[in-house]
Amino acid sequence: MKCNYKKFNYYNSQSCLAMLGIVCLLLVVLMPASAFGQQQLNGRILDGGSTTEASPMEGANVFWLNSSIGTITDFDGEFSIPYEEAYNQLVISYIGYRTDTLTVLQNRRIEHTLNPSTELTEIEITAKRKASKRSTIDAQNVILVSSDELLKAACCNLSESFETNPSIDVNFADAISGARQIKMLGLRSPYILITTENIPAIRGAAQTYGLSFIPGTWVESIQITKGAGSVVNGFESIAGQINTELQKPTTDDRIFVNAYGAVDGRYELNTHLNTKIGERWATGLYVHGNLRSEKFDNNNDGFLDVPLAEQINVMNRWQYTNPEKGLVSFFNIRYMNDEKQTGQLSFDPATDKFTTNAWGSEINTQRFEAATKVGWVNPDIPYQSMGVQAAFSNHQQESYFGNTSYDITHNSFYSTVIYNSIISDSRHKIKTGMSFTYDSYDEMVNLGEFTRKENSVGGFFEYAFDNLDKLNLTAGVRVDNHNIMGFFVTPRLHVRQGLWDKASLRFSAGSGQRMANIFTENQSMFASNRIIRIEAPEGKVANLNPEKAWNYGVSFLQGFEMFGQKGDFILDYYRTEFVDQVVVDWGNPRTIRFYNLEGKSYANSFQAELNYEPLESLEIRLAYKNYDVQTQFVNPDGEVDQRERPMTPRNRFFANAGYETNKKDSGSQWKFDVTYNWLDTQSFPSTEINSPQFQLPDRSPTVGTLSAQVTKVFSPNFELYLGGENITNVQQNNPILAADDPFGVNFDTTFVYGPIFGSLYYAGLRYKLN
């Protein structure tokens, strides 16, 4: 085997050797030995109230009747409980579901489906649920982020819900809009399928700001899937999928209020009102409002550090449950209005809009959504189910950035039908169905008007083999006919093989493709004076090729026990290879160029993660990530240059610790959470043709930030929280290039690698009534 010494030195040989040594040491230390102890009864609980199929139920209570011995199910619905022959009545419960009592005559694995109830009952089991957990038996590499994890930070909206998760990278898109962009496996959010209850949500016109349009308190849980996702959810997933489950009227608090205020002038109020209507219906009204009306310029560059903003967001949700007939359905309707103003401190829209008096920007968005899901599970044969989903959205954004205007109207419709069953026995499961999507885009920029209509119809088939802790396999294929991309096939494969005790190895491979939306996905370019060049045949956006890529990944997971406490160690490696891609070339500071890929483009992602509970109430999570993301760029003279993608750190270190005091009889306790993020240097796009005072080095400095939150729970109904982000007060110097000449050719706000505002402190309260 040859060693490429030049490449090895390029990535800092000493750091890589040290990390390799740590990984090898952990693998040796964590290799488990066989142990003997008290007999355990194992099993899995399934959710019979799912709208598509009986899926694993996380958080169900499992306990022996007339005893104090109990536990709760994990993310995969799995449980393990001490067993003795004297125990023979096993009780399974979950709020909003029937409580079942099973007769257990011998120690054999149990698989049971829990069905919804029309009466709410609750039995509390004093077992601690993990706030974030990876599936140990799913063939896909899935990470569950529960509501407990979301409470570790303020999580005012979905874009801020990944601060304590090492699998997602979060940074600002530019220095003025306040928009946060996320990355997975080194790739930006357009390559991630972001769904709400498995309905595509953050796409098209919502790509840049859409994550901030989903309030954090509306989120019940988040599932992060690395690599090629399921064919059931469509063909657009390339790097992975992020699915958000919303609060449900039957399980959410009857009344919930969350108030938040921060030193950057941001104030928020969230209110949930849920009620039952008869035996089968329940409805919830969810209202969110946020406001920032105070101007801040901590770095004295004459521009607002954070935008002035105002948002009102209202959702009404209905839920119908009929356990006797196996029916569960949801209907949502939502309206959102979001207004932002940013730019220079002196900018007044009434007098300065589209003038050179002062540079300013306004971004006004209205969004309407309606969605429905209907699921049927055969009450007599739980493995047979059918689901229907449909959603419509209208998204209108009117905006301008200095003297550049940008407006977009996007109408979208999505529908799918899914059927689930088994072949022979419950180890062999199938999903099949059809989907239809329609998108209409109407964009107005200084270059002119761009309109496009897309529609696709497709069918899918997915086979899953589940041999519990031994072999799990999911193989799927979908065929689609798209009015622009034509007819194409999307295959995907996920395999999980159990190795030894608490160890498993996963492999995944699959393709994905999508249509690039070059304007709405790259709105940060409007906050500069770059000239937009579309270098496609005839200079038409429609002549840019669809983006196609293959994703391959391998993941190793080893669970262990050390000093009587549980933990796990994970190694992930994923590679994404683009067959076709729309290259976004920032290489010349005067232009931004869009053209079809003519060579190689890939993203390699490696992650090592350690989760451990040294004490029963103390959780520690450590992670290291390495990226190698490169694209073959072509300059206007035709010269080819293979180089790394700008503004992507090669290395990242992450640490999180959470501690909770014991809960008293009154329900009171303290919670403490600390998160540290370190980012390696990032390559800047070239500025060498700028005037010397506006030239940047090749790479940014490293950045390390520390955040913490303290929560005082006074009772099950009331709690206060106080937190700080970027406590070490790290600030990027001069995030805006040529801030003193915003209408000159050197002006650019896109060179953002770190915090702009500095330290941010906040406080809030949560009140709930059941």
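How each quantity is defined
- Residues numbered from 1 in each chain as written.
- Predicted model: local features only at pLDDT ≥ 70, side-chain atom pairs only at ≥ 80, totals over all residues.
- Heavy atoms only, no water.
- Helix = DSSP H or I, 4+ residues; strand = E, 2+ residues; numbered from the N terminus.
- Rg over C-alpha atoms; globule rule 2.2 N^0.38 Å.
- Buried < 20%, exposed > 50% of the residue type's maximum accessible area, 1.4 Å probe, protein only.
- Phe/Tyr/Trp six-rings, centres within 6.5 Å; stacked < 30°, edge-to-face > 60°.
- Lys NZ or Arg CZ within 6 Å of the ring centre and 35° of its normal.
- Salt bridge = Lys/Arg side-chain N within 4 Å of Asp/Glu carboxyl O.
- Contact = heavy atoms within 4.5 Å.
- Pairing = 2+ DSSP bridges.
- Axes fitted to C-alpha atoms, helices over the stretch in contact; angles between N-to-C directions.

Looking at this structure, how should I read the overall build of the protein?
Tallying secondary structure elements over the protein gives four helices and 43 strands in all. For 770 residues, the compact-globule estimate of 2.2 N^0.38 gives 27 Å, and the C-alpha radius of gyration of the protein, at 26 Å, lies within 12% of that figure. With the principal axes as the frame, the protein shows a C-alpha extent of 85 × 65 × 50 Å. Residues classed as buried in the protein amount to 57% of the 770 residues present.

Hey, could you run me through the packing of aromatic side chains in this one?
Geometry of an aromatic ring pair is reported as the spacing of the ring centres plus the angle between the planes. Counted by the stated rule, this structure contains 28 aromatic pairs. Ring centres of Tyr659 and Phe672 lie 6.5 Å apart, and the angle between their planes is 25°; on these two criteria the pair is classed as stacked. You can see Tyr659 sitting in strand β39 (residues 651-660) and its partner Phe672 sitting in strand β40 (residues 669-679), a full 13 residues away along the chain. With relative accessibility at 35%, the residue Tyr659 sits in the partly exposed group. Relative accessible area serves as the criterion here: at 32%, Phe672 is assigned to the partly exposed category. In this structure an aromatic cluster arises from ring pairing among Trp64, Tyr83 and Tyr87. The residue whose ring lies beneath Arg514 is Tyr191, and the NZ or CZ to ring-centre distance is 5.5 Å. Directly above the aromatic system of Phe633 lies the positively charged group of Arg643, at a separation of 4.0 Å from the ring centroid.

Would you mind going over the pattern of salt bridges with me for this structure?
Side chains bearing opposite charge may pair, as long as their charged atoms lie close to each other. Counted according to the given criterion, the structure contains 38 salt bridges. In this structure, Glu163 and Arg180 form a salt bridge, with 2.8 Å as the shortest nitrogen-oxygen distance. Here Arg180 lies in strand β12 (residues 180-184) and Glu163 lies in the loop between α3 (147-150) and β11 (169-172), a separation of 17 residues in the sequence. Here Glu197 ties to Arg317 by a salt bridge, and the two come within 2.3 Å at their closest N and O atoms. Residue Glu197 is located in the loop between β14 (192-196) and β15 (199-200), and its partner Arg317 is located in strand β21 (residues 308-322); the two are separated by 120 residues in the primary sequence. We classify Glu197 as buried; its relative accessible area is 4%. Looking at Arg317, the relative accessible area reads 0%, which means it is buried. Here the salt bridges do not stand alone but share partners, grouping Glu197, Glu220, Glu245, Lys248, Arg317 and Lys373 into one network.

Just to check I follow, could you spell out the environment of Leu720 for this structure?
Along the chain, Leu720 falls in strand β42 (residues 718-725). On a C-alpha basis, the gap between Leu720 and Trp678 in space is 29 Å, while along the polypeptide they are 42 residues apart. If near-sequence neighbours (up to four positions away) are discounted, Leu720 is found in contact with Val710, Thr711, Lys712, Phe714, Gly764 and Leu765.

For this particular structure, what's the right way to read the sheet that holds strand β35 (residues 591-596)?
Pairing between sheet strands relies on hydrogen bonds along the backbone, with the strands arranged either parallel or antiparallel. The sheet built from three strands is open, its strands ordered β31-β35-β34 with mixed pairing. The sheet is open, and its two borders are formed by β31 (531-535) and β34 (582-585), each paired with just one other strand. For this sheet, the mean angle separating the axes of adjacent strands, direction not counted, is 15°. Sheet analysis places β34 next to β35, joined by four bridges and oriented antiparallel. Each residue of the ladder has a partner; that of Val582, found in β35, is Asn596.

Explain the sheet that holds strand β7 (residues 100-103) here, please?
The strand order β4-β3-β6-β7 describes an open sheet built from four strands, whose pairing is antiparallel. If you trace the sheet from one side to the other, it starts and ends with β4 (70-72) and β7, each paired once. Ignoring strand direction, the axes of neighbouring strands in this sheet form an average angle of 20°. Relative to strand β6 (residues 89-93), strand β3 (residues 61-64) is paired through four bridges, and the arrangement is antiparallel. Across the sheet, Asn61 pairs through a bridge with Ser93, a residue of β6.

What exactly am I supposed to notice about the pairing of β12 here?
Remember that side chains alternate between the two faces of the sheet whenever the strand is regular. Counting buried positions over the five residues of β12 gives four, a clear majority of the element. Bridge count between β11 and β12: four bridges; the pairing is antiparallel. Within β12, the position partnered with Asn171 by the bridge is Gln181. Here two bridges tie β12 to strand β13 (residues 187-188), and the two strands are oriented antiparallel to one another. Counterpart to Met184 in the pairing with β13 is Leu187.

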